[in-house]
Each structure stands twice: as structure tokens, then as C-alpha cells.
Amino acid sequence: MSAFPLVFDEPVHFYCLYHLISNLKGRCLGGWNTTQRTKLVDHFKECAYALNWWIFDQKIAIFKEFGGKVAEEWLEDLPYEKWAVAYSQHITRYGEMTSNAAKSFNSWIREARELPVTYMIECICRGICRWYVERREESNKWSGDLCKSKEMIWNQLTDIGKSWLVTKSLNGQFEVFCDTSVCVDLDLKVSTCYQWQIKGFPCSHAVAVIRKHCSTVYTHIDKCFFTSTYRECYKQDINPIPETEKYQFTSFGEHVKILPPRLNRPPGRPKKQRIPSVGKFRKKKPTFCKRCLKTGKHDTNDSVENLVH
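Residues numbered from 1 in each chain as written. Predicted model: local features only at pLDDT ≥ 70, side-chain atom pairs only at ≥ 80, totals over all residues. Heavy atoms only, no water.

1. Topic: the overall build of the protein chain
(1) Moving on: A count of helices and strands for the protein chain gives 12 helices and four strands.
(2) Moving on: Within the protein chain, the proportion of its 309 residues that are buried is 27%.
(3) Moving on: Across the protein chain, the fraction of contacts at a sequence separation of at least 24, relative to all contacts at a separation of at least 6, is 56%.
(4) Moving on: Accessible surface, the protein chain: about 22,900 Å² in total, of which carbon and sulfur atoms supply 54%. (Helix = DSSP H or I, 4+ residues; strand = E, 2+ residues; numbered from the N terminus. Buried < 20%, exposed > 50% of the residue type's maximum accessible area, 1.4 Å probe, protein only. Contact = heavy atoms within 4.5 Å. Areas by Shrake-Rupley, 256 points an atom, 1.4 Å probe, with all protein chains shown as cover.)

Okay, here's the thing in C-alpha cells:
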């Protein structure tokens, strides 16, 4: 992970919550039962999703107390700003805590990865072409300004805050009275509930303010949630790649012969299963004994005794 800032200095990098949980489970193999391990993971999730630093301090104290030495040693190499929401409020994460987008793409090209490189590229290109056409045709059916999923969320947030009282204090600053008092700043696009900063989409308090005090409803929403932006992403056409027989290498001359690369195939069957990450463990299949016809821990002596009796 230390090499990422050296190569990519501008983007902000966070740790995947799914892999952190897998690594945490790997630290709790000896002396920890399933119930204790699950409870420790739940405490860590509460720390990761804490919205402000004082709630985070309470949750992290509970996590360290429950996890003991394992939790304290595991947190030594984990900066809070790389995985905790409370310490990354100045950066919009759009509600994403894991790298599921990359995993979905890898799962999507699972069959293509087993093909030779030329056929793999052609298969991926064909799939992306189909993907672009399907999403372009789907977006043409949308009639609203926001994307379909965000339009539904907007309507739900509108129903939640339609009975709340909103008062204006300064230019662009409002106070929303619900179960608690929440301050909203439309100019800075922030709220004291921190949901707007984290998800990048207005929270229910901001929606209540926008609906009651703004003439244009969608002025304070990020452009990435609009239908026009979605269509702009998929408007580019991807041309099909011609077959290899149609390639003409005229610039190399008639006497130049292009040979395939040298390939030293290792012995044995090629591996298809992914190597598990650090701390990730797989469930072992139960052992079945053909002599005593029992499933569980295999013991040769027990099998012999059962056969004798």
C-alpha cells in the first residue's frame, strides 16, 4: 500500500472495509469462537461507520476493550483516515466503503480470463459494447432530471422531511427541527448530520430545506447524479475489432515474419482459484470416513473399533 502514493500522488486512497474485516478475522483464529469473532467484527464496523470523531472515540474504546491485545496490535498499522468515516469527512466517498466495483468487473470477465490474450481482449470489448448499448437504451427511457435510482431516493427523503420545521438563520444557512436540531449550509453543501458530506447526495434535512426555500430544486445536487451526465458517459461508440486474418502489416516489408512470443508453460494443471488475501481463510470440507461411515474428525482407531464391533 505504501507504493500507491508514489505512483498516484493526486487520488485519495482508502482501505477496503471487506478486506480489513477478513484480515481481522484471520487474527482471531486461536482462542476465539465464532460468536466472539462476529461480535468483534460488529464493533469494528461501528467504528468505521461512526459519523463524527466523538462517537468514533466511544466505539474505538469499546473495540479495544473487547478485542484486547489483538485489537490494539492490529490497529497500529491502520491510520484512521484510511478507513474511518469520521476522519475523512472532508473527502466525499459517495457512501462507498469497499472495492466491490473492481470485484464485480473481475467476476464479469471470469470466463474471458481463461482465453488467450487476443480472444480475451475481443471478448471484453464485445461485452463492453453490449454494456454501453444496454445502458444507453435504458437511460433514454428516463424522463426525470436525476438518474432513476437517485430520483427514488430523492422522493423517499422528501417524504421523510415533509413535516419538519425549517428556519433560516443566515444566507445559505438553515436549521431543521426534527427529533434533533440539525444545521444545513447550502453554499458549502454540508450538514451537521454528516450524511451530505459522506454520500455526496443531499440528506433528508438538506432536502427539506431545498424543497421549502429554493426555487430551483436540483441546484445543490452534484452533476454526477443527473441523467444528462449518465448519458454523457455512455454516448461514446465502441467500434468492433476486426479479425486477426484481416490485419495487414504492410509497413514491415514482405521479408519480415512476425513470430509468436516464447512461452514456457510450467508443469502441472494451471491454477484457476484465486490466492486468498492475508488473513482470509476458507472453510474446510468435513471429512467423511468410508470405513465407519461418519462425518467429522477422522480417527483411524475409532474406525477400526467400529468395524470390529
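Back to the write-up after that little detour.
2. Describing the sheet that holds strand 3 (residues 181–185)
(1) Moving on: Read across the sheet, four strands follow the order 1-2-3-4 without closing on themselves; strand pairing throughout is antiparallel. The open sheet terminates on both sides in strands that have one partner only, identified here as strand 1 (165–170) and strand 4 (190–191).
(2) Moving on: Of the pairings in the sheet, the one linking strand 1 to strand 2 (residues 173–177) comprises five bridges and is antiparallel in character. Looking at the pairing, Leu-165 lines up with Phe-177 of strand 2. (Pairing = 2+ DSSP bridges.)

3. Considerations on the pattern of salt bridges
(1) Moving on: This model, assessed by the stated rule, comprises five salt bridges.
(2) Moving on: Residue Glu-46 is joined to Lys-59 by a salt bridge in which the shortest nitrogen-to-oxygen separation is 3.7 Å. In this pair, Glu-46 is assigned in helix 3 (residues 34–48) and Lys-59 in helix 4 (residues 53–67), connecting sequence segments 13 residues apart.
(3) Moving on: The exposure class assigned to Glu-46 is partly exposed, which follows from its relative accessible area of 36%.
(4) Moving on: Close ionic contact of Asp-237 with Arg-136 constitutes a salt bridge, the shortest N to O distance being 3.5 Å. Here the residue Asp-237 occupies a position in the loop between helix 11 (227–233) and helix 12 (300–308), and Arg-136 occupies one in helix 7 (residues 117–139), the gap between them amounting to 101 residues.
(5) Moving on: Its relative accessible area of 52% is what places Asp-237 among the exposed residues. (Salt bridge = Lys/Arg side-chain N within 4 Å of Asp/Glu carboxyl O.)

4. Looking at the nonpolar core
(1) Moving on: Membership of the largest hydrophobic core comes to 27 residues, with the highest contact counts inside it found for Leu-24, Phe-44, Phe-56, Phe-63, Trp-74 and Trp-83.
(2) Moving on: Those elements that provide at least two residues to this core are helix 2 (17–27), helix 3, helix 4 and helix 5 (69–75).
(3) Moving on: When residues of this core are assigned to their parent elements, the largest contribution, five residues, is made by helix 3.
(4) Moving on: With residues up to four places along the chain from it excluded, the contact list for Phe-44 reads Leu-17, Leu-20, Ile-21, Leu-24, Phe-63, Trp-74 and Trp-83.
(5) Moving on: Counting 23 residues, the second largest nonpolar core, distinct from the first, contains Leu-146, Val-184, Phe-201 and Phe-226. (Core = buried A, V, L, I, M, F, W, Y, C linked by side-chain atoms within 4.5 Å.)

5. Some thoughts on a nonpolar patch on the surface
(1) Moving on: On the surface, Trp-53, Trp-54 and Tyr-87 cluster together into a nonpolar patch covering about 340 Å² of accessible area.
(2) Moving on: Locating Trp-54 in the fold gives a position in helix 4. (Patch = residues over 30% accessible without salt bridge, like charges linked within 9 Å, V, L, I, M, F, W, Y side chains within 5 Å.)

6. Concerning helix 2
(1) Moving on: Burial in helix 2 covers these residues: Leu-17, Leu-20, Ile-21, Ser-22 and Leu-24.
(2) Moving on: Where helix 2 is buried, its residues meet helix 3, helix 4 and helix 5.

7. Re the pairing of strand 3
(1) Moving on: Pairing geometry for strand 2 and strand 3, over five bridges, is antiparallel. What sits directly across from Glu-175, in strand 3, is Cys-183.
(2) Moving on: The turn linking strand 2 back onto strand 3 is made up of three residues.
(3) Moving on: Where strand 3 and strand 4 come together, two bridges link them in antiparallel fashion. In the strand pairing of strand 4, Asp-185 is matched with Val-190.
(4) Moving on: The antiparallel hairpin formed by strand 3 and strand 4 contains four residues in its connecting segment, where Lys-189 sits at a positive phi of about 55°.

8. Side note on the state of the cysteines
(1) Moving on: The final tally for this structure, using the stated rule, is zero disulfides.
(2) Moving on: We note that Cys-147 lacks a disulfide partner, and the nearest cysteine sulfur, in Cys-224, lies 8.4 Å from it.
(3) Moving on: With a relative accessible area of 8%, Cys-147 lands in the buried category. (Disulfide = S-S within 2.5 Å.)

9. Details of the pairing of strand 2
(1) Moving on: Side chains Phe-174 and Val-176 project from strand 2 onto a buried face, and the interleaved Gln-173, Glu-175 and Phe-177 project onto a face without burial.
(2) Moving on: Counted along the chain from strand 1 to the antiparallel partner strand 2, the turn is two residues long, and its residue Gly-172 has a positive phi close to 85°.

10. Observations concerning the packing of aromatic side chains
In this description, a pair of aromatic rings is defined by centroid distance and the angle of the planes.
(1) Moving on: This structure, assessed with the given rule, holds 20 aromatic pairs.
(2) Moving on: Taking 5.1 Å as the distance between ring centres and 75° as the angle between the ring planes, the aromatic pair formed by Phe-56 and Tyr-87 counts as edge-to-face. Placement of the pair is Phe-56 in helix 4 and Tyr-87 in the loop between helix 5 and helix 6 (100–108), with a sequence separation of 31 residues.
(3) Moving on: On the basis of relative accessibility, which here comes to 31%, the residue Tyr-87 falls in the partly exposed class.
(4) Moving on: Measuring from centroid to centroid gives 6.3 Å for Trp-154 and Phe-201, while their planes differ by 85°, and the two rings are edge-to-face. With Trp-154 in helix 8 (residues 148–160) and Phe-201 in the loop between helix 9 (195–199) and helix 10 (204–213), the pair connects residues that are 47 residues apart, well separated along the chain. For the pair Trp-154 and Phe-201, one class covers both residues: buried.
(5) Moving on: In textbook terms, an aromatic cluster arises when at least three aromatic residues are bridged by ring pairs, as seen for Phe-44, Phe-56, Phe-63, Trp-74, Tyr-80, Trp-83 and Tyr-87. (Phe/Tyr/Trp six-rings, centres within 6.5 Å; stacked < 30°, edge-to-face > 60°.)

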